[in-house]
Amino acid sequence: MERIKTLDTRNLCESAKNGGCGECQTACKTGVANQKCE
Amino acid sequence: MVHQYQLNGYNIVLDTCSGGIHVVDEVAYHIISLFETHSPEAIVAAVKETFGDSVTEQDIRDCIADVQSLKDAGKLFTPDTFANLAGTFKERSGDVVKALCLHVAHTCNLNCDYCFASQGKYHGDRALMSFEVGKQALDFLMDHSGTRRNLEVDFFGGEPLMNWDVVKRLVQYARSVEKERGKNFRFTLTTNGMLIDDDVIDFANREMSNVVLSLDGRKEINDRTRVDYQGRGSYDRIVPKFQKLVAARGGKNYYMRGTFTHANPDFTKDLFHMADDLGFTELSMEPVVCAPDDPAALTPEDLEIVKNQYEILAKDMLRREKEGKPITFYHYMLDLTGGPCVYKRISGCGSGTEYMAVTPWGDLYPCHQFVGEESYKLGDVWNGVTNTALREQFRACNAYARPDCADCWAKLYCSGGCAANAYHATGSIRGVYQAGCDLFRKRIECAIMMKAAKETAQ
């Protein structure tokens, strides 16, 4: 029986190696959770 | 750091520093809660005591081994090694600016009670931005954008449609030079809708990558605060215009953006009204930004209602999706596989460094919520940032800048929170706006629960 289902997510430790280009976009006007990598 | 919570029948485990998300059963949930502080023998005994004969010792040991495997794979109990990255992204970016909030109008044709911008005037004089100032702002942006290709400009106010001709000329100017400058402008427009006509619809739908349309939901809620200078509600005048604009956009790339206050902490009724009665599917509803003693301010009792409303909304959105009639709520839009890298998650929105607001006179501020606060003026579009000490204060804002955030599981979703909210709540951009934190965490829990529900249903 599967007791743990792991969702497919972007690994943040991996993103430390290849992220940081700054091209992603800067609705609410009042976090980064809702952003997409570009 | 691990965060465990139960919502809507799901047991969810978040691994803060890897971004890992696990949906588990009751046994695994219990084991994970004990894993770092108890020996395997003690875990077996504790689980047997809780679950009795419904689980065998071998089952428990197998599950402990699975948890250990996830830890070994860097998907659970991942140590926080990012603190030394804090600030590196902004340092590496130097003085690059990539986004501007252009205040093309410090005036408004509505007189909303709760307006954080004091009816569009930002505690100053009424003014419209000239084309020359706007052009200089766009040149400033291009000149200071370094190697960044994507540049963003939001036409804001006040009410930007009160200066529509300048908006159009600025877009046309940017389009005329972006290719030769190697840039890609993305324009957005935030409007109260009063002046929308066919020309606005045609131009906005051709040039604006997103439009933000201000409507607070139910007529009696909207017209309680969103009134003109004669005190007349705006609902009946703006809703048909919004519907026409959205239909002409093909129902995409827009947000109905409402504000909820002490008058309507039950804001899901307003969201559902916009969805079910008005036909809008892209929705954003935000808590009011105002002084704590303002009559519109949310009380501690309201905040508990609001948190419950976020749960109601998440469950209802799952129902709608199942019925083939989905709606979008901005804060529940998480991209688990294509979301931001850790640098972006640590550094946040970039206010005061790569994102700035420009007043009609060309003055630069860290963001639209600081405009009118004279001590937060950064410089102007002709001379650039002259208050470099202030810019350094904003450069130092990140997810690791506040001791209160050290043990918060959500810090890589909020990046340490909004500097303007912190300033207005505590007097310091390095403060912590606790009420905002509580609501933010609840929204993230709901958004991840929705992802868990969809993934486990497949």
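Above this text sits the structure in question.
As the structure is a computational prediction, the values presented were derived from the model and not from experiment.

S.K.: Can you walk me through the packing of helix 2 (residues 40-51) of chain B against helix 3 (residues 57-72) of chain B in this structure?
M.R.: All names here are of chain B. In contact at an axis separation of 10 Å, helix 2 and helix 3 are set at 130° when each is read in the N-to-C sense. The angle between helix 2 and helix 3 places the two elements in the oblique class. In the packing of helix 2 onto helix 3, the handedness of the crossing is right-handed. Residues Pro40, Glu41, Ile43, Val44, Val47 and Lys48 of helix 2 form the contact with helix 3, whose own contacting residues are Glu57, Ile60, Arg61 and Ile64. Residue composition of the contact of helix 2 with helix 3, by class: 6 nonpolar, no polar and 4 charged.

S.K.: Can you walk me through the environment of B:Met256 in this structure?
M.R.: Residues and elements named next belong to chain B. Among the secondary structure elements, Met256 is positioned in strand 10 (residues 254-260). Taking the C-alpha atoms as reference, Met256 lies 8.8 Å from Phe242; in sequence the two are 14 residues apart. Leaving out residues up to four positions away in the same chain, Met256 has contacts with Leu213, Leu215, Phe242, Met274, Phe280, Glu282, Leu283 and Ser284.

S.K.: I'm lost on the packing of helix 5 (residues 131-143) of chain B against helix 6 (residues 164-181) of chain B in this one. Help?
M.R.: When two helices pack together, their arrangement is given by the angle between the helix axes and by the axis-to-axis distance. All names here are of chain B. Interhelical geometry of helix 5 versus helix 6 gives an angle of 30° and a closest axis separation of 10 Å. On the basis of the axis angle, helix 5 is roughly parallel to helix 6. Our pair here, helix 5 against helix 6, has a crossing hand that is right-handed. Residues Phe131, Gly134, Lys135, Leu138, Asp139, Met142 and Asp143 of helix 5 pack against Val166, Arg169, Leu170, Tyr173, Ala174, Val177 and Arg181 of helix 6. Residue classes in the contact of helix 5 with helix 6 are distributed as 8 nonpolar, 1 polar and 5 charged.

S.K.: Sorry if this is basic, but what is going on with helix 15 (residues 419-426) of chain B here?
M.R.: Helical geometry: 3.6 residues make up each α-helical turn, so side chains three or four residues apart lie on a common side. B:Ala419, B:Ala420, B:Asn421, B:Ala422 and B:Tyr423 are the residues of helix 15 of chain B that are buried. Directly beyond the C-terminal end of helix 15 of chain B, a positive phi value near 85° is found at B:Gly427.

S.K.: Looking at this model, I keep getting lost on the pattern of salt bridges. Mind explaining?
M.R.: All names here are of chain B. Evaluation of the coordinates by the stated rule reveals 40 salt bridges over all chains. The salt bridge involving Asp223 is made with Lys219; its shortest N-O contact spans 3.4 Å. Linking Asp223 with Lys219, this pair stays in helix 8 (residues 219-225), spanning 4 residues, or about one helical turn. A salt bridge links Asp266 to Lys269, with the shortest nitrogen-to-oxygen separation between them at 3.2 Å. On the accessibility criterion, Lys269 (48% relative accessible area) is partly exposed. What emerges from the salt-bridge pattern is a single network uniting Asp276, Asp316, Arg319, Arg320 and Glu323.

S.K.: Is there a simple way to explain helix 13 (residues 388-395) of chain B in this structure?
M.R.: Taken together, the buried positions of helix 13 of chain B are occupied by B:Leu390, B:Arg391, B:Phe394 and B:Arg395. Seen from one end, helix 13 of chain B has its buried residues packed into an arc of 145°, which puts them on one side.

Criteria and thresholds
Residues numbered from 1 in each chain as written. Chains lettered and ligands numbered in written order. Predicted model: local features only at pLDDT ≥ 70, side-chain atom pairs only at ≥ 80, totals over all residues. Heavy atoms only, no water. Axes fitted to C-alpha atoms, helices over the stretch in contact; angles between N-to-C directions. Helix = DSSP H or I, 4+ residues; strand = E, 2+ residues; numbered from the N terminus. Parallel < 35°, antiparallel > 145°, perpendicular 65-115°, else oblique. Left-handed = near helix turned anticlockwise from the far one by under 90°. Contact = heavy atoms within 4.5 Å. Nonpolar A, V, L, I, M, F, W, Y, C, P; charged D, E, K, R; others polar. Buried < 20%, exposed > 50% of the residue type's maximum accessible area, 1.4 Å probe, protein only. Salt bridge = Lys/Arg side-chain N within 4 Å of Asp/Glu carboxyl O. Arc of directions from axis to C-beta.

Honestly, that's just the spatial picture; any functional story needs more than this.
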